[in-house]
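Topology and contacts: notes
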Amino acid sequence: VDMLAWPFGIYDDYLLKKAAGAGYVATFTIERRHATARESVTKLPRYLLINADQGKAFAQILAGTAPKRRSREWNSLTARSRSSPVKSGHRTGVK
């Protein structure tokens, strides 16, 4: 395994360095957008999918035409990550 998806999208410069040192060649955030050729492979965006992202909604995500998440919806999805900050890779498994 040489790629890492950051749990809850939480990462910082320290964790990026630790992941590279552990041999990961790419890592993924949860920035909700398409990747471009100019992206750093250490911070590639990805989509956090929820149960509502089916059918037409999923097709819109693939096409890049999906509406932005409502603040309240996004806040409820990320509340756990804000209440449990990562320290020194503790929750990601990066040592």
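Just so it is clear, the model here is predicted, and its values are computed rather than measured.

Some thoughts on helix α1 (residues 13–21)
Inspection of α1 places L15, L16 and A19 among the buried residues, and these make up the whole buried set. Projected down its long axis, α1 shows its buried positions confined to an angular sector of 105°, all on one face. Structural note: α1 exposes D13, K17 and G21 on the side pointing more than 90 degrees away from its buried face. Close packing links the buried residues of α1 with β1 (3–5) and β2 (26–28). The backbone nitrogen of Y14 has a side-chain oxygen 3.2 Å away, supplied by the residue at the start of α1, namely D12. Looking at the residues trailing α1, positive phi occurs at G23, about 100°.

Describing a nonpolar patch on the surface
A contiguous nonpolar surface patch, about 280 Å² in accessible area, is contributed by L49, F58 and L62. As for its position among the elements, L62 is in helix α2 (residues 56–63).

So, the packing of aromatic side chains
A complete count under the given rule lists 1 aromatic pair for this structure. Aromatic side chains W6 and Y11 sit 6.2 Å apart centroid to centroid with 25° between the ring planes, which places their arrangement in the stacked category. Taking the relative accessible area as the measure of exposure, W6 reaches 0% and is therefore buried. With relative accessibility at 26%, the residue Y11 sits in the partly exposed group.

Things to note about the confidence of the model for the chain
Mean pLDDT over the chain works out to 81, with 73% of the residues at or above the 70 mark. In the model, residues 81–92 has pLDDT below 50 throughout and makes 21 contacts with residues more than four positions away in sequence or in other chains.

What to know about the pattern of salt bridges
When the charged atoms of two side chains lie near each other, side chains of opposite charge can form a pair. In total, this model carries 2 salt bridges according to the counting rule given. Between R33 and E31 there is a salt bridge, and its shortest N-O distance comes to 3.0 Å. For E39, the salt bridge identified is with R33, shortest N-O distance 2.6 Å. Judged by its relative accessible area of 18%, E39 falls in the buried class. A single network of salt bridges, built from pairs that share partners, joins E31, R33 and E39.

Quick notes on the environment of Y11
With respect to the helices and strands, the residue Y11 is situated in the loop between β1 and α1. The spacing of Y11 and T29 is 18 residues in sequence and 7.9 Å in space, taken between C-alpha atoms.

Description of the nonpolar core
Judged by nonpolar contacts, L4, W6, L15, L16 and A19 together constitute the single largest core of 5 residues. No other element matches α1, which puts 3 residues into this core.

Parameters and conventions
Residues numbered from 1 in each chain as written. Predicted model: local features only at pLDDT ≥ 70, side-chain atom pairs only at ≥ 80, totals over all residues. Heavy atoms only, no water. Buried < 20%, exposed > 50% of the residue type's maximum accessible area, 1.4 Å probe, protein only. Helix = DSSP H or I, 4+ residues; strand = E, 2+ residues; numbered from the N terminus. Arc of directions from axis to C-beta. Contact = heavy atoms within 4.5 Å. Polar contact = N/O pair within 3.5 Å; in protein donor to acceptor, adjacent residues only side chain to side chain. Patch = residues over 30% accessible without salt bridge, like charges linked within 9 Å, V, L, I, M, F, W, Y side chains within 5 Å. Areas by Shrake-Rupley, 256 points an atom, 1.4 Å probe, with all protein chains shown as cover. Salt bridge = Lys/Arg side-chain N within 4 Å of Asp/Glu carboxyl O. Phe/Tyr/Trp six-rings, centres within 6.5 Å; stacked < 30°, edge-to-face > 60°. pLDDT = per-residue confidence, 0-100. Core = buried A, V, L, I, M, F, W, Y, C linked by side-chain atoms within 4.5 Å.

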